[in-house]
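# Report on the structure
Chain by chain, the residues:
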Amino acid sequence: MPRKTIMALAALVLGTAFSTASQAEDIKLYVFSSGALTIGKGVLQNMAPMTPEIQVPVGFFVVKHPKGNVVFDTGNNDKIINDPSYWGEAFKALKPVNSPDIAIDAQLQKIGLKPDDIKFVVVSHLHLDHGGNVAKFPKSIIVAQKSEIQNAFWPEPGTGGPYILGDYMSLRAAAMGAPDAVKVMQLEGDMDLFGDGTVVVKRWVGHTPGSQMMTVRLKNKGLTILTGDNVYFRDNVEKNLPPNIVLAYSPSGILSAYEWIRLQMATEKADFFTAHDPDAFKAMKKAPEFYD
Ligand SMILES: [Zn+2]
C-alpha cells in the first residue's frame, strides 16, 4: 500500500477516534421521575412476597448529545394527572402518583428542554408507564421495535394487559397524515443513533416482544446501560432472579440480558439504570444534576 494511502487511512482512523472522544466528553445523562406505582414485589421479582405492596418509581432518562437530545422512555401519560380514570378500572390498583410535577413537560423543564427539543424518543417498550407520553413529541422521531408496535396494537394472547391504546394511537396516525401524527423509526434490530457508538439502541426481546435497552458511553461514568423493564431491581441481575412469569414474555431473553449486563460490568466496568428499583433510583443523581 502506498505510504500516502497509509497516512491518509491513519488520519481517518485517528480522526474518527478523536471525534468520538470529543463527543463522549460532551454527553450528559439525566434521570427524571414520572411519579410512582404501587405493586406487589412478587410481580417484579419471582418468589418475592406479594404483600405488603411496595411503591416503585417510574423513571425515565434524557441524553444530551452534541447532535441532538434523546429521551429514553416517556413515563405515565400526563392525562392521569387530571383524569385518574384514564387507565381504566384494571389499573386503579397501581395507585399512580399524579401530582402536576410529574408531567413530562415539567420534568424536561428542569434542564431547560421542551418536548420539541428532543430529536429521538426511544421507548424500551410501549406499556403504560414507558410509552405513556409518546404523543407529546410530534417533532421528534419515535424509535421502537416493529414487533413492539405490532404487539401494542394487536397483542399476542396474554400480553395485552399493560398497553393503553390511547397512549400511542398517534403512531398509527403518522401514516394517515393526521395533525397529531408522530414520526416513527421502526427497528428490527440495533441502532447506533448518532453513528459514533455513544448512544446505541439494543433490541432485546425479554419483558415484551419488542423490548429494547440503550447504552450510553459516558466519559467519566463509562458505559451505562438503560435496561427498561428487562430488569426491575439490581438484585435481579446480581442474583439472577427473573420477574414473575406474567411480566416475562421471554424468560430466556430476560436471563440472557442479565448475563450480558454482568459481562459488560466485568469487562467494561459498565453500570446499569432501571426504571423501577426504589433503592437504586433513590441513589441516582436526579436532573438537573447529571452523569457525564
Ligand atoms: Zn415498567
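Attention in this report is confined to the structure presented alongside it.

A separate point is the overall build of the protein. Within the protein one finds nine helices and eleven strands. Taken against the 2.2 N^0.38 rule, which gives 19 Å for 292 residues, the C-alpha radius of gyration of the protein at 19 Å falls within 12% of a compact globule. Considering only C-alpha atoms, the protein reaches an extent of 70 × 45 × 35 Å along its principal axes. Here the protein, with 292 residues, has 42% of them falling under the buried criterion. Nonlocal contacts in the protein, meaning residues at least 24 apart in sequence, comprise 66% of its contacts between residues at least 6 apart.

Read across the sheet, six strands follow the order 1-2-3-4-5-6 without closing on themselves; strand pairing throughout is mixed. With partners counted over all chains shown, the strands left at the sheet margins are strand 1 (28-39) and strand 6 (183-187), one partner each. The mean inter-strand angle of the sheet, taken between neighbouring strand axes irrespective of direction, is 20 degrees. Two elements, strand 4 (residues 118-122) and strand 5 (residues 141-145), share three bridges in a ladder whose sense is parallel. By the bridge assignment for strand 5, Val-121 is matched with Ile-142. Lying over the sheet, helix 5 (residues 146-153) contacts strand 5 and strand 6, oriented at roughly 85 degrees with respect to strand 5.

Across the sheet, which stays open at both edges, the five strands sit in the order 7-8-9-10-11 with mixed pairing between neighbours. Looking at which strands have only one partner, the edges of the open sheet turn out to be strand 7 (191-192) and strand 11 (271-273). One ladder, built from two bridges, connects strand 7 with strand 8 (residues 199-203); its direction is antiparallel. Looking across to strand 8, one finds that Met-191 is bridged to Val-201. Where helix 8 (residues 251-268) meets the sheet, its contacts fall on strand 9 (212-218), strand 10 (222-226) and strand 11, and the angle it forms with strand 10 comes to roughly 165 degrees.

Bringing unusual backbone geometry into the picture now. Following Thr-51, the chain continues to Pro-52 via a peptide bond in cis, the omega torsion being -10 degrees. Along the polypeptide, Pro-52 turns up in the loop between helix 2 (41-44) and strand 2 (54-65). Residue Pro-288 is bonded to the preceding Ala-287 through a cis peptide linkage, with omega at 15 degrees. Residue placement: Pro-288 occurs in the segment after helix 9 (278-283).

Turning our eyes to something else, we now look at the environment of Arg-234. You can see Arg-234 is positioned in helix 7 (residues 234-238). Under the C-beta neighbour-count criterion, Arg-234 is labelled partly exposed, with 17 such atoms within 10 Å. Along the backbone, Arg-234 and Asp-192 are 42 residues apart, and their C-alpha atoms lie at a distance of 26 Å. With residues up to four places along the chain from it excluded, the contact list for Arg-234 reads Asp-277 and Ala-280.

Let us now look at the nonpolar core. Phe-61, Val-70, Val-121, Val-122, Val-134 and Ile-142 are the most contacted members of the largest nonpolar core, which has 68 residues in total. The contact partners of Phe-61, leaving out residues within four places of it in the chain, are Leu-29, Tyr-30, Val-31, Phe-32, Phe-72, Asp-73, Leu-226 and Phe-273.

The side chains of a regular strand alternate between both faces of the sheet. Pairing of strand 9 with strand 10, which is carried by five bridges, proceeds in the antiparallel orientation. Within strand 10, the position partnered with Leu-218 by the bridge is Gly-222. Linking two consecutive strands that pair antiparallel, namely strand 9 and strand 10, is a turn of three residues. Taken together, the three bridges between strand 10 and strand 11 define a ladder with parallel strand orientation.

This part takes up the environment of Val-182. Mapped onto the secondary structure, Val-182 falls in the loop between helix 6 (165-173) and strand 6. A tally of 22 C-beta atoms within 10 Å means that Val-182 is categorised as buried.

On to helix 5. Those residues of helix 5 that fall on the buried side of the exposure criterion are Glu-148, Ile-149, Asn-151 and Ala-152. The arc enclosing the buried residues of helix 5, seen along the axis, measures out at 165 degrees, which places them on a common side. Elements in contact with the buried residues of helix 5: strand 5, helix 6 and strand 6.

Taken residue by residue, helix 6 has Asp-167, Tyr-168, Ser-170 and Leu-171 as its buried positions. Across the axial projection of helix 6, the buried residues extend over an arc of 110 degrees, all falling on one side. Structurally, helix 6 contributes buried residues whose contacts are with strand 5, helix 5 and strand 6.

As a further point, take the environment of Ala-48. Relative to the helices and strands, Ala-48 is located in the loop between helix 2 and strand 2. Sequence separation of Ala-48 and Val-71 is 23 residues, and the distance between their C-alpha atoms is 31 Å. With near-sequence residues (within four places) excluded, Ala-48 lies in contact with Lys-41 and Gly-42.

What counts, and where the lines are drawn
- Residues numbered from 1 in each chain as written.
- Predicted model: local features only at pLDDT ≥ 70, side-chain atom pairs only at ≥ 80, totals over all residues.
- Helix = DSSP H or I, 4+ residues; strand = E, 2+ residues; numbered from the N terminus.
- Rg over C-alpha atoms; globule rule 2.2 N^0.38 Å.
- Buried ≥ 20, exposed ≤ 12 C-beta atoms within 10 Å, placed from the backbone.
- Contact = placed C-beta atoms within 7 Å.
- Pairing = 2+ DSSP bridges.
- Axes fitted to C-alpha atoms, helices over the stretch in contact; angles between N-to-C directions.
- Core = buried A, V, L, I, M, F, W, Y, C linked by C-beta atoms within 7 Å.
- Arc of directions from axis to C-beta.

So yeah, pure geometry; function would need other evidence.
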